[in-house]
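# Results of the structural survey
Here is what each chain is made of, one letter per residue.
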Amino acid sequence: MTRTKLWMIAYRGLTRNRRRTFFTMLAVALGLALLITLNGYISGVMEDGLQNSIRLQTGHVQVRAAGYPDGKHSVQWKDLIERPEEIAAQAMAMPEVRAAAPILWLDAVLSTGEESVGLQVYGIDVNSPLHDPLRASVIAGAFLEATDRSGVLMGGRLAQSLNLKVGDTVPLVTINANGEPVEAPFVIRGLFSSGVLVYDESVLFMPLARAQSFALTGNRASAVMIELHRREDADKVAVALAQPGLQTFTWRDLNAFILQSMDAAFSFYILMDAIVIMIVAVIIANTLLMAVFERVREIGILAALGMKRLEILLMVLYEAAIIALAGVVVGIALGLLGVFFLTQNGFVLGEMATTAGNLPISNVVYARFAPDLFTWLAVWTFLIALLASLYPAWFAARLEPVRALHTE
Amino acid sequence: MPIIELFDIHKTYRIGEVETRALDGVSLNFEPGEFSAIVGPSGSGKTTLLQIMGCLDRPDRGIVKLDDRDVTRLNADQRAELRRNVIGFIFQFFALIPVLDAYENVELPLLLAGVGARERRERTLEMLEAVGLSDRIHHRPNQLSGGQQQRVAIARALVKRPLVVLADEPTANLDTANGEQAMEIMQRLNEQTGTAFIFATHDPRVMKFARRTIHLVDGRVAENHAPVPVEAAVRSLSHPGEPRA
């Protein structure tokens, strides 16, 4: 029998109970739409966290002195890079590099008289395009000047919690290169809002030269931070900048924990995806089984006319395929619509964003189009739906024609 | 040579603890071009016999030969192959596929048999014309009367030019006029095509048309009237007073 005719009989079979067929197709469509939207959003959250970490903390490539300790800050000369400007210039000469600049990290304590908070102080080259996003995130006052000897840029959220404003003077204490505590007053020149609440609460910026003089590091820096046009070039740039006495890191090395967390989270979401797909599959199997029960006699007629078991099996599978395909197409459309909505409007996490541990998530997170992931979901939804319809199809194919014909 | 040979056919149905003997040693032959009726009261085994002849069911014991081939031990697909190529069925409740129109219902056996598109169309239209339904080809079963539905079923049974058409109570759900019309059509097609027709019935209207009647009682052949040549049968229909056999 021609496959075309089997498809036609399968299609006609579905049209006899249009409402049931429609709702089954809708169940597939909504299930897949939910998965696509959810995965688009989760993908957006993960990518946002990674991008924020790269943008605000790690850059795409870092060059540090070979002895710089892992996981903590040090301002001892042996741990710092001696001529960071030369390395930055060498990096800037590479076409893959968008920006490169030295940075000095200090641990500091800020006291207001009422309370003290531990902070990370970033001494930055304020003229580098590396810090354009920070410049754009100033919400009050002004950005820093390279020659400013007392100005700092503070997170708006930290200033609010400490009751501080632009123009206020705050004392900072740090341990200098000699291991001695030093204290100096600084004036809040401006407030920033990076969109990452954790970051806005714990980081303070000052010009690199002032940070170096505050910590007595000379012209040394903790690292040279490099931003690339394409993050895929990180390995190439890191290799090019490698030299004795230095160690280079790519964004993958520097965000290993975040990437591991993302993998773990994706594993969890794959489990959730599997559960939703299974539910959809059970709905399809149930519908088809009902449809088979309803027309046992008709299947008996087809068998009496000479339709073979394989053809009956295929006929039911084709019905499943039509429902699943229609559901997948509608589901993709609805899902993409959902993802599009969330790419435009985002989802305000607010305080929830601060509970994401080491993942610097923005307080408004947008979904992301992830074509590979969406294709994977659509294909699996279709395949699992077909797999689930094997039982009803097998049931139909195994019907004895003589018994089926006498079923009312 | 007979087209169907039955040797000592036995069939017992078991429903729970209860055993019902449907056929008890039936042996019969059917020749090409026959127009015969298997008659008997309800439960006499007529439908079971028809189903065994049509490869829809298997006997518990005995041998069924179809066109000189032993079909008793064939598997499900081999029996389906025979049903699709050499046996036509007509059922009491018409048994049309409700989602297909008259044309598609008649075309279905040809599709199953793998007949090419052009020949399929010609033969389908020819059969629908032969049963007087050329103007109803795109009507679905629920848009046709009972008589028209049975005519579609007759066309569907004959379209593949089978050796034999097995009809189970073909007039049971038809009024007198439609029943007569259906029988006349089948008789005409039997004469024109040479396809054998075997009916299972207790309807006197069918018996009146049959050229041979086999009486089944309690699963056994009680009477087996000799076949009447086609010419004699036609004459007896034209002159009902003459003895038939």
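Residues numbered from 1 in each chain as written. Chains lettered and ligands numbered in written order. Predicted model: local features only at pLDDT ≥ 70, side-chain atom pairs only at ≥ 80, totals over all residues. Heavy atoms only, no water.

## Topic: the overall build of chain B
Stated formally: By the criteria applied, helices consist of DSSP H or I runs no shorter than four residues and strands consist of E runs no shorter than two, each listed in order from the N terminus. Burial classes: relative accessible area under 20% of the type maximum marks a residue as buried, over 50% as exposed, and values in between as partly exposed (1.4 Å probe, protein chains only). Two residues qualify as a contact provided that any one of their heavy atoms is within 4.5 Å of a heavy atom in the partner residue. With residues, only the protein chains shown are counted as cover, and all accessible areas are computed by Shrake-Rupley using a 1.4 Å probe. Think of it this way: Lys and Arg go in the positive column, Asp and Glu in the negative one, and His and the chain ends go nowhere. In plain terms, the charge of a residue is placed at NZ if it is Lys, CZ if Arg, CG if Asp and CD if Glu.
A tally of helices and strands in chain B yields eight helices and ten strands. Counting only residues that meet the buried cut, chain B has 56% of its 245 residues in that class. Long-range contacts, defined as pairs at least 24 residues apart, comprise 69% of the intrachain contacts of chain B with a sequence gap of at least 6. When the accessible surface of chain B is summed, it comes to about 10400 Å², and 49% of that surface belongs to carbon and sulfur atoms. Across chain B, the 30 positively charged side chains and the 33 negatively charged ones have centroids separated by 3 Å.

## A word on a nonpolar patch on the surface
Inclusion rule: Exposure above 30% relative accessible area and the lack of any salt bridge qualify a residue for a patch; like charges then connect within 9 Å, and the nonpolar side chains Val, Leu, Ile, Met, Phe, Trp and Tyr within 5 Å. The salt bridge definition used is simple: a Lys or Arg side-chain nitrogen within 4 Å of an Asp or Glu carboxyl oxygen.
A cluster of nonpolar side chains, Phe 268, Leu 271, Ile 275, Ile 279 and Ile 283 of chain A, forms an exposed patch at the surface whose accessible area comes to about 470 Å². Tracing the sequence through the fold places Leu 271 of chain A in helix H10 (residues 256-294).

## As for the pattern of salt bridges
Tallied over the entire structure, the rule returns 28 salt bridges over all chains. The partner of Lys 78 of chain A in a salt bridge is Asp 79 of chain A, and the shortest N-O contact between them spans 3.1 Å. Using a relative accessible area of 5% as the deciding quantity, one classes Asp 79 of chain A as buried. The salt bridge partner of Glu 19 of chain B is Arg 14 of chain B, with a shortest N-O separation of 2.9 Å.

## Comments concerning the sheet that holds strand S4 (residues 61-66) of chain B
Residue and element names in this part refer to chain B. For clarity, the threshold we go by: Strands pair, by our definition, only if DSSP identifies at least two bridges between them. Lines are fitted to the C-alpha atoms to define the axes, a helix being fitted only along its stretch in contact, and any angle between axes, read from their N-to-C directions, falls within 0 to 180 degrees.
Across the sheet, which stays open at both edges, the four strands sit in the order S2-S1-S4-S5 with antiparallel pairing between neighbours. Looking at the sheet topology across the chains shown, the edges are occupied by strand S2 (18-30) and strand S5 (69-70). As paired strands, strand S1 (residues 4-15) and S4 are joined by five bridges and run antiparallel to one another. Paired with His 10 across the two strands is Arg 61, which belongs to S4. Along the sheet face, helix H1 (residues 46-53) touches S1, S2 and S4 and points at about 120° away from the line of S1.

## Description of the nonpolar core
Nonpolar side chains in soluble globular proteins tend to end up buried together. Heads up, the condition is: Side-chain atoms within 4.5 Å link the members of a nonpolar core, which is a set of buried Ala, Val, Leu, Ile, Met, Phe, Trp, Tyr and Cys residues. Each domain's extent is set by a domain assignment, obtained either automatically or from a database.
If you look at the biggest cluster of nonpolar residues, it comprises 123 residues, and the most contacted ones within it are Ile 226 of chain A together with Phe 30 and Met 53 of chain B. Two domains each provide a minimum of three residues to this core, namely domain 1 (3-53 + 258-405) and domain 2 (67-244) of chain A. Here Phe 30 of chain B is in contact with Pro 2, Ile 3, Ile 4, Leu 6, Ser 36, Ile 38, Met 53, Ile 198, Arg 212 and Ile 214 of chain B, once residues within four sequence places are set aside.

## Notes on the packing of helix H2 (residues 18-58) of chain A against H10 of chain A
Residues and elements named next belong to chain A. Keep this limit in mind: For this classification, under 35 degrees means roughly parallel, over 145 means roughly antiparallel, 65 to 115 means roughly perpendicular, and everything else is oblique. Charged means Asp, Glu, Lys or Arg here, nonpolar means Ala, Val, Leu, Ile, Met, Phe, Trp, Tyr, Cys or Pro, and polar covers whatever is left, Gly included.
Packing of H2 against H10 leaves a shortest axis separation of 10 Å and a crossing angle of 175°. With respect to H10, the axis of H2 lies roughly antiparallel. Looking at side-chain class alone, the contact of H2 with H10 contains 21 nonpolar, six polar and three charged residues.

## Overview of the interface of chain A and chain B
Spelled out, the test is: A quick way to say it: buried area is the sum, across both parts, of accessible area lost when two parts are put together, with a 1.4 Å probe. In the analysis that follows, any N or O atom pair within 3.5 Å is treated as a polar contact, provided that within protein one partner can donate a hydrogen and the other can accept it, and provided that, for residues neighboring in sequence, both atoms belong to side chains.
At the interface, 24 residues of chain A touch 28 residues of chain B. Both sides of the chain A and chain B interface together cover about 2400 Å² of buried area, and 63% of this is carbon and sulfur. It is Arg 12, Leu 305 and Lys 308 of chain A in chain A that bury the most area against chain B; as a group they hold 27% of the surface buried on that side. Here chain A and chain B share two salt bridges between them. The tally of links between chain A and chain B comes to six residue pairs in polar contact (both at pLDDT 80 or more). Looking at the side of chain A that touches chain B, the elements that each hand over two or more residues are helix H1 (3-15), helix H11 (296-304), helix H12 (309-345) and helix H15 (401-405) of chain A. Broken down by element, the side of chain A that touches chain B gets its largest block of residues, six residues, from H11 of chain A. Residues that form the side of chain A that touches chain B fall into these classes: twelve nonpolar, four polar and eight charged.

## With respect to the domain arrangement of chain A
Entries for chain A in the domain assignment read domain 1 (3-53 + 258-405) and domain 2 (67-244). Using only C-alpha atoms to locate each centre, domain 1 of chain A and domain 2 of chain A end up separated by 49 Å.

## Quick word on the packing of helix H3 (residues 102-113) of chain B against helix H4 (residues 117-130) of chain B
Residues and elements named next belong to chain B. For clarity, the threshold we go by: In this scheme the handedness of a crossing depends on how the near helix is turned from the far one: anticlockwise by less than a right angle means left-handed, clockwise means right-handed.
With their axes 9 Å apart at the nearest point, H3 and H4 run at an angle of 130° to one another. With respect to H4, the element H3 is oriented oblique. Between H3 and H4 the crossing geometry is right-handed. Every residue of H4 that contacts H3 at Ala 102, Tyr 103, Val 106, Glu 107, Leu 110 and Leu 111 is listed here: Arg 120, Arg 121, Arg 123, Thr 124, Leu 125, Met 127 and Leu 128. In terms of residue class, the contact of H3 with H4 is built from eight nonpolar, one polar and four charged.

## Section: the sheet that holds strand S3 (residues 35-39) of chain B
All names here are of chain B. Strand order in the open sheet formed by six strands is S6-S7-S8-S3-S9-S10, with mixed pairing between adjacent strands. In this open sheet, the two edge strands, each paired with only one partner strand, are strand S6 (87-90) and strand S10 (220-224). Adjacent strand axes in the sheet meet at a mean angle of 20° when their direction is disregarded. Alignment of strand S9 (residues 212-217) against S10, held across four bridges, turns out to be antiparallel. For His 215, the partnering residue across the bridge sits in S10 and is Glu 223. In the packing of H1 onto the sheet, the strands contacted are S3, S6, strand S7 (164-168), strand S8 (196-201) and S9, and the crossing angle to S8 comes to about 150°.

## Concerning the side chain of Thr 201 of chain B
All names here are of chain B. Along the chain, Thr 201 turns up in strand S8. Taking the relative accessible area as the measure of exposure, Thr 201 reaches 0% and is therefore buried. From its side chain, Thr 201 meets the backbone nitrogen of Asp 203 in a polar contact 2.8 Å long. With near-sequence residues (within four places) excluded, Thr 201 lies in contact with Ala 37, Ile 38, Val 39, Gly 40, Lys 46, Glu 169 and Val 206.

## As for helix H7 (residues 208-215) of chain A
Residue and element names in this part refer to chain A. Taking burial as the measure, the eight residues of H7 include six buried ones, the bulk of the element. Within H7, burial applies to Leu 208, Arg 210, Ala 211, Gln 212, Phe 214 and Ala 215. At the exit of H7 stands Leu 216, carrying a positive phi of roughly 60°.

## Quick word on the environment of Pro 204 of chain B
Within the secondary structure, Pro 204 of chain B is located in helix H7 (residues 204-209). The class of Pro 204 of chain B is exposed, set by a relative accessible area of 57%.

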